[in-house]
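# Geometric and topological summary
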There are 4 protein chains.
Amino acid sequence: MCFKQYNAEEVLLGRKMEDWLRFSVCYWHTFCGIGADPFGSQTLHRPWNQGTPMESARNRLNAAFEFFNKLGVKYYTFHDRDMAPEGSTLEESNRNLDQLTDLALQLQAQTGVQVLWVTCNLFAHPRYMNGAATNPDSHVLAYAGAQVKKGLDVAKKLGAENFVFWGGREGFYSILNTDVAAELKHMANFFKMAVRYKEKIGLKCQFLIEPKPKEPCKHQYDYDAMSVIGFLKHYGLDDHFKLNIEPNHTTLAGHSYEHDIVMASAFGMLGSVDSNTGSPDLGWDTDQFPMDTKNTTLVMKVIIEQGGLQPGGLNFDAKVRRESTDLEDLFIAHIGAMDAFARGLRNAVRLTEEGLLPGMVKERYSSFAQGLGQRVEEGTATLEDMEAYIKQNGEPKVTSGKQEKYESIFNQYI
Amino acid sequence: MCFKQYNAEEVLLGRKMEDWLRFSVCYWHTFCGIGADPFGSQTLHRPWNQGTPMESARNRLNAAFEFFNKLGVKYYTFHDRDMAPEGSTLEESNRNLDQLTDLALQLQAQTGVQVLWVTCNLFAHPRYMNGAATNPDSHVLAYAGAQVKKGLDVAKKLGAENFVFWGGREGFYSILNTDVAAELKHMANFFKMAVRYKEKIGLKCQFLIEPKPKEPCKHQYDYDAMSVIGFLKHYGLDDHFKLNIEPNHTTLAGHSYEHDIVMASAFGMLGSVDSNTGSPDLGWDTDQFPMDTKNTTLVMKVIIEQGGLQPGGLNFDAKVRRESTDLEDLFIAHIGAMDAFARGLRNAVRLTEEGLLPGMVKERYSSFAQGLGQRVEEGTATLEDMEAYIKQNGEPKVTSGKQEKYESIFNQYI
Amino acid sequence: MCFKQYNAEEVLLGRKMEDWLRFSVCYWHTFCGIGADPFGSQTLHRPWNQGTPMESARNRLNAAFEFFNKLGVKYYTFHDRDMAPEGSTLEESNRNLDQLTDLALQLQAQTGVQVLWVTCNLFAHPRYMNGAATNPDSHVLAYAGAQVKKGLDVAKKLGAENFVFWGGREGFYSILNTDVAAELKHMANFFKMAVRYKEKIGLKCQFLIEPKPKEPCKHQYDYDAMSVIGFLKHYGLDDHFKLNIEPNHTTLAGHSYEHDIVMASAFGMLGSVDSNTGSPDLGWDTDQFPMDTKNTTLVMKVIIEQGGLQPGGLNFDAKVRRESTDLEDLFIAHIGAMDAFARGLRNAVRLTEEGLLPGMVKERYSSFAQGLGQRVEEGTATLEDMEAYIKQNGEPKVTSGKQEKYESIFNQYI
Amino acid sequence: MCFKQYNAEEVLLGRKMEDWLRFSVCYWHTFCGIGADPFGSQTLHRPWNQGTPMESARNRLNAAFEFFNKLGVKYYTFHDRDMAPEGSTLEESNRNLDQLTDLALQLQAQTGVQVLWVTCNLFAHPRYMNGAATNPDSHVLAYAGAQVKKGLDVAKKLGAENFVFWGGREGFYSILNTDVAAELKHMANFFKMAVRYKEKIGLKCQFLIEPKPKEPCKHQYDYDAMSVIGFLKHYGLDDHFKLNIEPNHTTLAGHSYEHDIVMASAFGMLGSVDSNTGSPDLGWDTDQFPMDTKNTTLVMKVIIEQGGLQPGGLNFDAKVRRESTDLEDLFIAHIGAMDAFARGLRNAVRLTEEGLLPGMVKERYSSFAQGLGQRVEEGTATLEDMEAYIKQNGEPKVTSGKQEKYESIFNQYI
């Protein structure tokens with residue numbers, strides 16, 4: 001139970017490992033998870049869950065900071081309702097949150113641990129069963145708005161570097177009872193209210209939307225990176241949001257593990273990563289700890305290429321299996337995943353520094369650096385230019401894509 | 001072998017059946033298909049395929065118009081290379097196309113059959129194996145541009161109502177050898193050139209992009225409706241394009257049959273439909289004739305709600321199975337599919353006219369018609385308003401979504 | 001809220017509708033379901049859930065029989081732990097079960113409602129998290145054995161017509177910590193013990209295994225119909241078991257809705273059906289009420305062809321959506337599904353009686369009724385015969401499969 | 001372009017690397033592949049494809065043996081129709097095959113390269129479009145039988161160590177026109193004829209069935225390992241066949257990469273491996289070269305545990321991408337894949353020799369080594385024993401499955 005690959009202070013490409021990786025522990029799985037699944041009841045019994053709900057919440061928070069310290073992780077993430085129990089009224093819930101965030105603030109100051117991001121749980125309470133911002137009943141939407149207002153206040157209070165929206169119930173279960181156009185508009189207007197309030201209170205953090213294709217809904221509007229980008233641009237919200245990409249959600253959307261990280265980055269929209277994994281043969285969110293070095297290498301390669309993730313980070317939105325009932329399994333799992341990402345970082349750094357694969361890619365596109373290619377690149381070419389070029393130059397020569405060569409070379413780095 | 005449901009002249013909701021449905025026969029499957037698949041060779045031997053390539057092409061075109069007439073369909077669609085064989089140079093290919101489109105123009109005039117849309121085949125020739133507009137070699141991109149220029153000229157010549165772009169090779173097979181950001185930019189600039197040329201020659205038709213998630217590529221940039229919408233809006237192209245949705249592509253993207261039709265319509269981007277189907281248990285494009293009445297009802301419901309598809313239509317991008325070797329199978333298949341859509345139209349009309357389900361949906365969202373809901377709808381509400389509302393009104397009441405009721409009622413219409 | 005298609009007493013093909021359909025209500029979803037999902041808490045609050053656990057259990061049972069009567073359904077199914085709460089020891093659990101089954105017996109006598117099947121819940125209690133019959137700890141296997149012994153006693157007491165085994169945790173989450181060969185052998189020996197005990201106590205009911213590919217496990221040994229058939233035959237258990245097929249499990253295994261019903265029937269192993277549905281675009285078990293007439297027609301066609309399902313039936317292993325919070329939704333859902341199956345039955349009867357499609361299929365295989373085909377059918381032909389036949393008769397003629405014709409005709413029946 | 005991991009003569013666990021791995025090159029992809037796909041035409045132009053079909057075939061065979069030698073691979077595999085062109089009659093096809101196998105025999109003698117397995121192509125010719133052994137027309141079945149007779153003769157002539165049946169068209173495209181029970185029986189009788197003929201001619205090779213779930217069929221009867229095992233046992237064929245597992249087929253069936261290798265081995269039925277890979281996000285057979293070290297390690301671990309694959313081997317049923325147009329790509333791809341498997345072998349050997357993970361697994365199941373567990377293992381325990389045991393010993397203690405620990409340790413070996 002010690003790191004084999006991760007070494008926080010080691011400098012790679014001019015930056016400490018911990019600054020490239022910016023690991024974060026999530027509150028919901030690691031401190032609130034009880035090991036229930038749709039076919040079985042609680043298997044995980046944590047020592048901090050005792051006393052009244054508020055006592056439990058305090059114990060949990062203290063235990064969490066102890067865990068962060070032992071593990072050597074500098075960031076954490078949470079939903080409002082993870083940290084403090086929901087009361088019977090909004091006012092009571094907010095008071096609970098005030099008390100717990102006071103303690104959190106104090107623990108942050110003592111330890112230097114920071115909030116990577118905070119988010120509001122707008123999906124677990126029965127009131128949200130038909131959606132929060134997209135609920136057919138405006139009364140429910142109002143409740144969600146009130147909750148987000150408080151969440152933004154909390155983000156400011158705790159100095160959160162990001163604020164995440166995950167629309168677990170923003171979608172539909174049946175198209176027959178749903179007015180999609182109305183719901184999309186309501187969701188956009190909801191986000192606009194959040195932007196205005198953020199600006200009003202001078203909250204500086206980055207807003208992030210986390211795509212997921214389905215589950216719990218049959219269909220969620222934030223299906224994948226491109227769906228969210230389309231939505232944001234349609235409603236003029238794209239300057240105010242980036243994406244928090246979770247690879248387990250990406251694979252559920254039918255893409256490869258790294259796909260949405262690549263796409264979000266290509267569109268300048270990659271804000272943060274929920275570093276977990278699913279099993280490609282399963283059709284639901286398993287939130288496993290990421291252990292595949294090929295995947296972590298591909299992700300870190302993109303992150304290096306865009307110059308890092310800050311103010312985002314690598315948040316372990318991952319849970320120990322419900323069969324992993326020992327307390328030490330929490331440590332084993334995080335350490336294994338941190339090592340997997342550290343190894344991925346080392347690989348990606350070596351790929352970058354040796355430059356073999358990047359050089360091959362650059363050469364592959366080199367025709368766009370001059371002549372007609374350059375004019376395409378710059379947007380000044382015309383179809384008439386194209387036709388004239390072909391009439392003069394005829395058929396292009398065949399160039400092998402050499403995928404197997406790229407794969408073989410890549411294998412030498414992992 | 002006669003229509004059980006389709007009746008071209010029958011008027012429903014103030015419009016003739018044929019005007020609601022705007023059926024179109026596709027050239028590639030129905031007249032060029034030979035029944036080969038990745039594991040087997042040609043099974044379909046058509047009488048029109050004899051003589052030199054150009055003679056075959058003429059025979060095929062004459063046979064096609066005979067088929068349109070017998071079937072009573074008013075529109076057809078084709079790729080440039082379906083209609084006329086590719087020559088050994090661009091010039092020769094263009095001359096071939098000129099000759100065949102002369103004949104097409106004449107046949108159109110004789111029969112009244114029109115071009116629903118034309119498209120360029122930028123994926124079958126080996127030169128496009130690594131992409132057309134996204135090829136790493138600008139020479140290939142130039143070839144694609146030259147081909148599209150001619151395609152637009154042809155669209156104008158034949159009075160096509162739409163022009164489709166399907167980016168079969170615009171994507172990647174391996175992320176390791178691909179510069180995604182560069183390719184996306186090239187693709188956007190390619191579309192901009194097409195827009196400029198279209199405007200220059202005064203071509204009036206609607207530009208359409210047809211999403212597909214994968215196949216032949218491992219990943220295509222035009223993954224689904226929302227991906228294309230995101231791309232178009234990012235590059236400022238959304239005023240110039242709508243979408244041509246193919247349900248078999250939609251299901252391959254992990255959505256339900258009607259999903260992209262619903263989403264494209266909600267964003268005001270539904271231009272046309274490639275009315276086919278796949279099998280939900282298969283992971284590739286089978287392009288089957290649509291025979292499921294539930295699906296056709298859902299599609300026609302959306303089309304009615306947006307007031308029709310014109311200038312788009314329902315194009316049968318569908319092929320008889322390679323085991324359906326009789327010539328009559330072409331008729332049987334089209335008639336079966338036309339009946340399936342005619343039945344879907346009848347069902348959707350009845351749904352609309354009786355108003356039971358639409359009324360239930362309207363009632364479900366009625367809280368947005370006044371008060372705070374209305375201000376959300378209009379975009380004038382704030383988070384502070386929300387909080388105040390909840391402090392005053394407390395918890396919303398639980399309202400059943402009643403999905404099973406909607407499903408049971410819907411069943412009475414199909 | 002009345003039947004549109006179902007008419008219990010109506011006679012079709014010489015048998016009452018209710019005898020063809022043998023509908024059964026499941027206890028777990030309909031009376032124990034609370035509307036929680038992995039992302040949200042309880043939404044369904046039923047009037048029968050009040051008092052101590054044993055009081056609740058009695059209220060629930062009385063309410064269940066009231067529901068059966070109102071609905072007009074003659075069968076029900078349950079897990080041991082649905083009917084009576086688990087105690088703190090096996091003895092206490094068994095006592096609870098004794099008390100509740102006394103009441104059940106009395107209610108059965110009063111109403112004539114019968115047990116279609118009973119099953120033991122060997123997956124929900126934390127002790128079973130790593131499997132029941134396949135647990136790496138023999139102590140857990142022993143617990144499962146003790147529970148099944150009681151379950152078989154209960155089956156006898158209540159006159160259950162079938163007894164189901166669903167191995168929700170019989171499989172693995174990670175191949176790395178699993179000895180597959182050992183687990184399979186233990187499971188087989190577990191089934192053998194059950195067979196011996198069944199014979200010892202003179203229990204007459206049919207044993208059924210219910211396949212499911214995954215969920216909760218990453219992989220379940222009873223993946224699909226053919227997997228179970230292979231397992232049963234390998235361990236010499238096939239004379240003692242048939243299959244209980246659930247279409248939602250079939251589609252999760254990558255097959256079409258009707259697939260495992262067709263395959264199980266072809267191997268003489270179709271015992272009963274859990275008549276529900278999933279959504280083909282979702283990768284988890286949604287247990288929706290079956291509402292698709294095409295599917296119900298295909299299922300009823302197989303059932304008619306094999307002469308009925310008795311002693312099995314159509315058990316609604318389906319739950320109202322967690323958003324369907326009204327008590328009446330339970331009725332609406334069952335009635336909608338019963339109508340969908342009744343309509344499927346009517347369609348299948350018409351298909352059978354008119355004989356058009358069955359006749360086309362028979363004609364298609366007619367070459368096996370004489371000559372070399374007949375000898376293949378009987379198993380007396382040799383490869384040498386084949387070669388001689390081809391040397392004499394040469395190439396076979398091409399015969400169209402005419403899939404579209406079959407589909408179009410089928411559409412006229414649904 | 002040289003091996004980084006593979007070293008044929010190096011001895012591991014008492015056996016040479018080449019004897020553990022038994023690599024084989026496939027004929028169809030590597031020498032017959034032309035780079036066409038359903039959306040594009042030929043991209044691969046090989047120097048050996050010139051002259052008449054028979055001249056081409058001879059050139060190809062000579063080139064193939066040159067390739068085997070350069071690569072240092074000792075086995076190859078082929079379909080009858082890969083090696084010699086199909087003639088216009090069975091007799092002509094057989095004569096072609098005689099001539100080419102004469103040459104093959106000579107080349108085998110010169111080089112020491114051997115046939116790992118031979119198979120008959122019963123899917124590509126149009127006559128097989130509706131199936132070979134399961135064709136509705138017995139005339140087609142006879143043709144398949146005649147072809148298999150010759151194939152078995154060829155296997156004997158060339159000393160093939162195995163003979164493979166892949167039923168690409170043995171299944172259905174539409175359940176509506178299919179008599180599943182009849183087709184299964186015909187297929188079983190077909191296999192029985194092959195067994196009888198094999199015995200008659202004294203052919204010693206192992207018969208193998210290769211499962212595939214779908215493609216080209218909508219559904220193939222040989223869906224996966226367990227489906228084939230079920231079929232073989234039902235028809236009493238299991239003593240005469242083992243399985244040839246292709247991981248790309250396994251993943252298409254919804255399993256993890258190594259699944260069918262694990263299951264086939266657990267049932268004593270693993271005969272050979274088609275060592276390729278697909279992409280988990282794609283729904284069709286891509287037949288890529290295997291490059292993932294985690295997968296190759298898992299496969300080699302199973303192979304070591306069952307004591308090797310002989311007379312089977314690792315056949316590269318993999319093709320260079322159609323964009324990999326250079327001749328050297330054939331070498332690069334095979335070398336990369338051989339290195340990936342050699343690395344997997346090294347990892348699996350280290351896992352075995354160090355014994356850490358195997359020891360943890362053994363400990364996990366240790367309760368079956370004595371007492372009640374042992375009686376379960378031996379099949380002598382009863383349900384009554386179980387109940388007595390629980391009444392005495394009560395609730396089992398909870399034992400963590402420790403999946404993350406297994407995964408972390410496994411990561412240290414790859």
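Residues numbered from 1 in each chain as written. Chains lettered and ligands numbered in written order. Predicted model: local features only at pLDDT ≥ 70, side-chain atom pairs only at ≥ 80, totals over all residues. Heavy atoms only, no water.

## Concerning the overall build of chain A
Regarding its fold elements, chain A presents 16 helices and 12 strands. Relative to the 2.2 N^0.38 estimate, which gives 22 Å for 414 residues, the radius of gyration of chain A is 23 Å and therefore close to what a compact globule would have. Each of the three principal axes of chain A carries a C-alpha extent, and together these read 80 × 50 × 45 Å. Within the span of chain A, comprising 414 residues, buried residues form 69% of the whole. The long-range fraction of contacts in chain A, counting pairs at least 24 apart against all pairs at least 6 apart in sequence, stands at 77%. Approximately 12800 Å² of chain A is accessible, and the part contributed by carbon and sulfur atoms is 50%. (Helix = DSSP H or I, 4+ residues; strand = E, 2+ residues; numbered from the N terminus. Rg over C-alpha atoms; globule rule 2.2 N^0.38 Å. Buried < 20%, exposed > 50% of the residue type's maximum accessible area, 1.4 Å probe, protein only. Contact = heavy atoms within 4.5 Å. Areas by Shrake-Rupley, 256 points an atom, 1.4 Å probe, with all protein chains shown as cover.)

## Regarding the packing of helix H15 (residues 383–393) of chain A against helix H6 (residues 138–158) of chain B
At a minimum axis distance of 7 Å, the contact between H15 of chain A and H6 of chain B shows a crossing angle of 115°. Once H15 of chain A is placed against H6 of chain B, the crossing between them reads as left-handed. The residues of H6 of chain B that touch H15 of chain A, namely those facing Leu383, Glu384, Met386, Glu387, Tyr389, Ile390 and Asn393 of chain A, are His139, Leu141, Ala142, Tyr143, Gly145, Ala146, Val148, Lys149 and Leu152 of chain B. In the contact of H15 of chain A with H6 of chain B, the residues fall into 10 nonpolar, 3 polar and 3 charged. (Axes fitted to C-alpha atoms, helices over the stretch in contact; angles between N-to-C directions. Left-handed = near helix turned anticlockwise from the far one by under 90°. Nonpolar A, V, L, I, M, F, W, Y, C, P; charged D, E, K, R; others polar.)

## Focus on the relation of the copies chain B and chain A
Least-squares fitting of chain B to chain A yields an RMSD of 0.0 Å, with the superposition described by an axial translation of 0.0 Å and a rotation of 180°. The two molecules are tied by a two-fold rotation axis, judged by turn and shift. By C-alpha distance to the rotation axis, the residue of chain B lying nearest is Gly230 of chain B, at 1.7 Å. (Least-squares fit on C-alpha atoms with pLDDT ≥ 70 in both.)

## Remarks on the side chain of His334 of chain C
Residues and elements named next belong to chain C. Secondary-structure assignment places His334 in helix H12 (residues 328–354). The exposure class assigned to His334 is buried, which follows from its relative accessible area of 0%. With sequence-adjacent residues up to four places away left out, His334 is seen in contact with Val25, Thr30, Phe67, Leu71, Phe289 and Phe316.

## Points about the domain arrangement of chain A
You can read the domains of chain A as domain 1 (11–356) and domain 2 (369–411). In this structure, domain 1 of chain A and domain 2 of chain A have C-alpha centres spaced 41 Å apart. (Domains from an automatic or database assignment.)

## Some words on the interface of chain B and chain A
With 98 residues of chain B at the contact, the number on the chain A side is 98 residues. Carbon and sulfur atoms make up 64% of the surface buried where chain B meets chain A, a total of about 8600 Å² over both sides. Between Lys185 of chain B and Glu377 of chain A there is a salt bridge; the shortest N-O distance is 3.6 Å. With 12 residues, helix H7 (residues 180–201) of chain B is the single largest residue contributor to the side of chain B that touches chain A. Residue composition of the side of chain B that touches chain A, grouped by class: 46 nonpolar, 29 polar and 23 charged. (Buried area = accessible area lost by both parts, 1.4 Å probe. Salt bridge = Lys/Arg side-chain N within 4 Å of Asp/Glu carboxyl O.)

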